[in-house]
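Spelled out, the chains give:
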Amino acid sequence: MKHREALIPFPASGNPDPMDLPGWLHWVDSCPSTNTWATTHADRLPHGAVVFTRRQTAGRGQHGRTWHSPMGVLTASFILDFPMPQLSGLSLVIGLAVIHAIEDLLPDQRGRLCLKWSNDVLIAGRKVAGILCEATSGSRSGQTRVVVGIGLNRCVDFVQAELSPDQVGNAISLHEISTVPEELDLLERSRHYLMQVRDIVVQHWDSSRFDGIVPLFPELHQRDGLRDRSITLELNGESISGQAVGFDDQGRLLVRSPQGVIHPFTSGRIIQY
């Protein structure tokens, strides 16, 4: 039986002085993309470093799409080093860490957050955060360095930002549903859980099976916002419909076709669910 892991709650503490920034935080006044900035400076950033800005001018999402970052979106990139090259399913467990960070600060939202394969966090079916994981050549000592970009709608006025309905989509901001956590609190707790997730994946990774995310399967399945839903996946210009039935040990989305055959997908975009 596989060992099961659970994330350990962040220890309670008072809010630090915003001017007294921790050593792991690199605050950038403005940049096109925190992931781009982190990748450019990767050789000078240690494992566990966080790059943050309030003004991201050219954010990037998955599949080359634009990530719109109006005022109120918390945009940050987290530097994680892994001693292995295979990182299947990483965005799923990163999403789990983001969920724990939000629920720590908004306990009234516990149980409402879920994952949308492969890189979104939802509240009540609406997107509150997106994740972009990118490997970079700035690794050290044979490590695989991953820049984990997170965009979290903290207190966004989508109307004032003059985004079109297509650009906003089904997005939601934390201020619409609860109190607004402090930026530093969100960064600190996100980093806390991301470092835990990284250590769990490393500890349980097996090169013959690539199953480092398996210990987190119970919670991944519990948080799966697509499970048992009828979905449509867009892949290489083709639309594929079926029923989502979970993930496999490589983080691939499992979809049951109308004929009852289960197909695994490593990539694609969910366009209906």
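In this report, we go over the structure that sits alongside the text.

1. Concerning the overall build of the protein chain
And then number 1: Helix and strand content of the protein chain: five helices and 14 strands.
And then number 2: For the protein chain, the proportion of its 273 residues judged to be buried stands at 51%.
And then number 3: In the protein chain, 66% of the contacts between residues at least 6 apart in sequence involve partners at least 24 apart.
And then number 4: For the protein chain, the exposed surface amounts to about 12800 Å²; the carbon and sulfur share of it is 48%.

2. Digging into the pattern of salt bridges
And then number 1: If you walk through the whole model with that rule in mind, you get eleven salt bridges.
And then number 2: When the shortest N-O distance is used, the salt bridge between E183 and R54 registers 2.6 Å. Placement of the pair is E183 in helix α4 (residues 183-204) and R54 in the loop between β2 (50-53) and β3 (59-60), with a sequence separation of 129 residues.
And then number 3: Residues E219 and R223 are paired through a salt bridge, measuring 3.7 Å at the closest nitrogen-oxygen approach.
And then number 4: Classification of E219 as buried rests on a relative accessible area of 13%.
And then number 5: The network of salt bridges with common partners includes E103, R110, E219 and R223.

3. Overview of the pairing of strand β11 (residues 238-247)
And then number 1: Relative to β11, strand β10 (residues 230-235) runs antiparallel, the two sharing six bridges. Looking at β11, one finds that L235 is bridged to E238.
And then number 2: Between the antiparallel neighbours β10 and β11 lie two residues, among them N236 with a positive phi of about 55°.
And then number 3: Strand direction decides the pairing type here: β11 and strand β12 (residues 253-256), joined by three bridges, are antiparallel. If you follow F247 over to β12, its bridge partner there is L253.
And then number 4: Counted along the chain from β11 to the antiparallel partner β12, the turn is five residues long, and its residue G251 has a positive phi close to 75°.

4. A word on the packing of aromatic side chains
And then number 1: This model, assessed by the stated rule, comprises one aromatic pair.
And then number 2: An angle of 80° between the planes, with centres 4.8 Å apart, marks the rings of W27 and F52 as edge-to-face. Placement of the pair is W27 in strand β1 (residues 25-28) and F52 in strand β2, with a sequence separation of 25 residues.
And then number 3: For F52, a relative accessible area of 1% gives the class buried.
And then number 4: We note R198 situated over the ring of F82; from NZ or CZ to the ring centre the distance is 5.9 Å.

5. Comments concerning the sheet that holds strand β6 (residues 113-116)
And then number 1: Spatially, seven strands are ordered β1-β2-β5-β9-β8-β7-β6 in an open sheet, and the strand pairing comes out mixed. Where the open sheet ends on each side, the last strands, each with one partner, are β1 and β6. Across this sheet, the average inter-strand angle for adjacent strands is 20°, counted without regard to direction.
And then number 2: Alignment of β2 against strand β5 (residues 73-82), held across four bridges, turns out to be antiparallel. When the bridges of β5 are listed, V50 appears paired with F78.
And then number 3: Where helix α2 (residues 90-105) meets the sheet, its contacts fall on β5, β6, β7 (120-123), β8 (126-136) and β9 (144-153), and the angle it forms with β8 comes to roughly 130°.
And then number 4: Together, β1, β2, β5 and β9 form the strand contacts of α4, whose direction differs from that of β5 by roughly 25°.

What counts, and at which threshold
Residues numbered from 1 in each chain as written. Predicted model: local features only at pLDDT ≥ 70, side-chain atom pairs only at ≥ 80, totals over all residues. Heavy atoms only, no water. Helix = DSSP H or I, 4+ residues; strand = E, 2+ residues; numbered from the N terminus. Buried < 20%, exposed > 50% of the residue type's maximum accessible area, 1.4 Å probe, protein only. Contact = heavy atoms within 4.5 Å. Areas by Shrake-Rupley, 256 points an atom, 1.4 Å probe, with all protein chains shown as cover. Salt bridge = Lys/Arg side-chain N within 4 Å of Asp/Glu carboxyl O. Pairing = 2+ DSSP bridges. Phe/Tyr/Trp six-rings, centres within 6.5 Å; stacked < 30°, edge-to-face > 60°. Lys NZ or Arg CZ within 6 Å of the ring centre and 35° of its normal. Axes fitted to C-alpha atoms, helices over the stretch in contact; angles between N-to-C directions.

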